[in-house]
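# Inside the fold
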Amino acid sequence: QKYLRLEDYNYVSMDIEGAEYRVLRRMTQTGVACWLSELHVETHALYVEENWGKWGIDAIIPWLVAGPCTVRARVYAHYWRDPLVLP
């Protein structure tokens, strides 16, 4: 929040190999998610064993951040195209 202003167009593109769930949780808990205009997230629930149980979260990320905020969110989960994950 020190470097962002609400009137700016703040865009975040996140591809951090499984850490996105912890970062998104912290962003929503602190309210930082509401400072964003747009959020694009590549999710990795089925690629990182510790995140296997978080697959359902992929579906609610847009709802989660757009609910109290005006963030436009896009989630990229490529499981259905990856034969190593979903044969």
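Residues numbered from 1 in each chain as written. Predicted model: local features only at pLDDT ≥ 70, side-chain atom pairs only at ≥ 80, totals over all residues. Heavy atoms only, no water.

### Some details on the packing of helix H1 (residues 20-30) against helix H2 (residues 55-66)
Between H1 and H2, the shortest axis-to-axis distance is 12 Å and the interhelical angle comes to 25°. Here H2 runs roughly parallel to H1, going by the angle between their axes. Note on packing geometry: the crossing formed by H1 with H2 is left-handed. Residues Tyr21, Leu24 and Thr28 of H1 lie in contact with H2, whose contacting residues are Ile57, Asp58, Ile61, Leu64 and Val65. (Axes fitted to C-alpha atoms, helices over the stretch in contact; angles between N-to-C directions. Helix = DSSP H or I, 4+ residues; strand = E, 2+ residues; numbered from the N terminus. Parallel < 35°, antiparallel > 145°, perpendicular 65-115°, else oblique. Left-handed = near helix turned anticlockwise from the far one by under 90°. Contact = heavy atoms within 4.5 Å.)

### Here's the deal with unusual backbone geometry
In this structure, Glu17 is a non-glycine residue whose phi angle is positive, near 50°. Of note, Glu17 is situated in the loop between strand E1 (11-14) and H1.

### As for a nonpolar patch on the surface
On the surface, a nonpolar cluster with roughly 380 Å² of combined accessible area is contributed by Ile57, Ile60, Trp63 and Leu64. Relative to the elements of secondary structure, Leu64 occurs in helix H2. (Patch = residues over 30% accessible without salt bridge, like charges linked within 9 Å, V, L, I, M, F, W, Y side chains within 5 Å. Areas by Shrake-Rupley, 256 points an atom, 1.4 Å probe, with all protein chains shown as cover. Salt bridge = Lys/Arg side-chain N within 4 Å of Asp/Glu carboxyl O.)

### Structural notes on the environment of Lys54
On the secondary structure map, Lys54 appears in the loop between strand E2 (38-42) and H2. In sequence terms Lys54 and His44 are 10 residues apart; their C-alpha atoms lie 9.0 Å from each other. Residues within four places of Lys54 in sequence aside, it is in contact with Tyr21 and Ala45.

### Some words on the pairing of E2
Two faces make up the sheet, and in a regular strand the side chains alternate between them. The element E2 is extensively covered by neighbouring structure, given that 4 of its 5 residues are classed as buried. Relative to E2, E1 is paired through 4 bridges, and the arrangement is parallel. Across the sheet, the residue bridging to Met14 is Val41, located in E2. Between E1 and its parallel partner E2, the chain crosses via H1, and the hand of that crossover is right-handed. Relative to strand E3 (residues 72-76), E2 is paired through 5 bridges, and the arrangement is parallel. Pairing of His40 across the sheet is with Arg74, part of E3. (Buried < 20%, exposed > 50% of the residue type's maximum accessible area, 1.4 Å probe, protein only. Pairing = 2+ DSSP bridges. Right-handed = clockwise from strand over helix to strand, strands pointing away.)

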